[in-house]
Amino acid sequence: DGGITQSPKYLFRKEGQNVTLSCEQNLNHDAMYWYRQDPGQGLRLIYYSQIVNDFQKGDIAEGYSVSREKKESFPLTVTSAQKNPTAFYLCASSMRGQGGTGELFFGEGSRLTVL
Amino acid sequence: QKEVEQNSGPLSVPEGAIASLNCTYSDRGSQSFFWYRQYSGKSPELIMSIYSNGDKEDGRFTAQLNKASQYVSLLIRDSQPSDSATYLCAVRSVNTGTASKLTFGTGTRLQVTL
């Protein structure tokens, strides 16, 4: 079955630790994204990548880092510099050349809690 | 700052009624519009997309777009308890190559009562 797999689903971190969230897709999508969702707020874009070895900052990139070494994979590292990392993190992907349709498909999400 | 505005709700409708969810957006250059359904604790699921003015129907769902008024809506006919969720409006305001940077509203919580 094609889809987007995020792991882990739940993660607890102590303050000062870096953590890496995994995102893998087998949809053959070119573009991948990381969003963050906080209670009562809309999804906010952290980083996105259009092709391998290239990525751009979104609206709230500070304290996060990403890599895109393979088309299928787009891991997100939440660094200790992120002031308020407790949130629901969503990975998404979209297909190239959809004539501007821009539909995003989401993974199941990773819930990070800082203790 | 490009914005997408939704009433947070909750919007309560009885089972079998029509639920009407509304969304306004600030960027006149927006090209594509989406409705996602999100159950509590789950990730968003795409239910409708619309790209041109007018109505688009898919089963019990109808999306309506009015670019002049910068307004997009979602109608759910014959509402069912399983429709109880938060509905997110999303707008594609920048076309950056193959990427699709969507701006999301905060969502409207829908409650379908028995």
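Here is what the cut-offs are and how they apply
Residues numbered from 1 in each chain as written. Chains lettered and ligands numbered in written order. Predicted model: local features only at pLDDT ≥ 70, side-chain atom pairs only at ≥ 80, totals over all residues. Heavy atoms only, no water. Helix = DSSP H or I, 4+ residues; strand = E, 2+ residues; numbered from the N terminus. Rg over C-alpha atoms; globule rule 2.2 N^0.38 Å. Buried < 20%, exposed > 50% of the residue type's maximum accessible area, 1.4 Å probe, protein only. Contact = heavy atoms within 4.5 Å. Areas by Shrake-Rupley, 256 points an atom, 1.4 Å probe, with all protein chains shown as cover. Lys, Arg positive; Asp, Glu negative; His and termini not counted. Charge placed at Lys NZ, Arg CZ, Asp CG, Glu CD. Polar contact = N/O pair within 3.5 Å; in protein donor to acceptor, adjacent residues only side chain to side chain. Disulfide = S-S within 2.5 Å. Phe/Tyr/Trp six-rings, centres within 6.5 Å; stacked < 30°, edge-to-face > 60°. Lys NZ or Arg CZ within 6 Å of the ring centre and 35° of its normal.

Q: Would you take a moment to explain the overall build of chain B for this structure?
A: Along chain B, the regular secondary structure elements total zero helices and 11 strands. Listing each helix as α and each strand as β along chain B from the N terminus yields β-β-β-β-β-β-β-β-β-β-β. Here chain B has a C-alpha radius of gyration of 14 Å; the compact-globule value for 114 residues is 13 Å, and the two agree. Its C-alpha atoms give chain B principal-axis dimensions of about 45 × 30 × 20 Å. The buried share of chain B, reckoned over its 114 residues, is 46%. Residue pairs at least 24 apart in sequence account for 55% of intrachain contacts in chain B once pairs closer than 6 positions are excluded. As displayed, chain B has an accessible area near 5200 Å², and 46% of this comes from carbon and sulfur atoms. Between the mean site of the 11 positive side-chain charges and the mean site of the 10 negative ones, chain B shows a separation of 7 Å.

Q: I would appreciate a short explanation of the side chain of Q6 of chain A in the present structure.
A: Residue and element names in this part refer to chain A. Inspection of the secondary structure assignment puts Q6 in strand 1 (residues 4–7). A distance of 2.9 Å separates a polar atom in the side chain of Q6 from the backbone nitrogen of C91. A polar contact of 3.0 Å, which involves the side chain of Q6, links it to the backbone nitrogen of G109.

Q: Is there a simple way to think about the state of the cysteines in this case?
A: Residues and elements named next belong to chain B. What the rule picks out here adds up to two disulfides over all chains. Note that C23 is cross-linked by a disulfide to C89, the S-S spacing being 2.1 Å. The S-S bond linking C23 to C89 shows a torsion near -75 degrees; that makes this disulfide left-handed. Here C23 is found in strand 3 (residues 19–25), whereas its partner C89 is found in strand 9 (residues 85–96), with 66 residues between them in sequence. The pair formed by C23 and C89 is uniform in burial state, with each residue classed as buried.

Q: Just to check I follow, could you spell out the packing of aromatic side chains for this structure?
A: A ring pair, where both rings are aromatic, is described by two values, the distance of the centres and the angle of the planes. The full count for this structure, using the stated rule, is 10 aromatic pairs over all chains. Aromatic pair Y36 of chain B and F104 of chain B: ring centres 5.7 Å apart, planes at 50 degrees, arrangement tilted. Of the two residues, Y36 of chain B sits in strand 4 (residues 32–38) while F104 of chain B sits in strand 10 (residues 99–104), which places them 68 residues apart along the sequence. For Y36 of chain B, a relative accessible area of 0% translates into the label buried. In textbook terms, an aromatic cluster arises when at least three aromatic residues are bridged by ring pairs, as seen for Y35 and F106 of chain A together with Y36 and F104 of chain B. It is R111 of chain A that lies over the ring of F88 of chain A; its NZ or CZ is 4.3 Å from the centre. Directly above the aromatic system of F61 of chain B lies the positively charged group of R60 of chain B, at a separation of 5.6 Å from the ring centroid.

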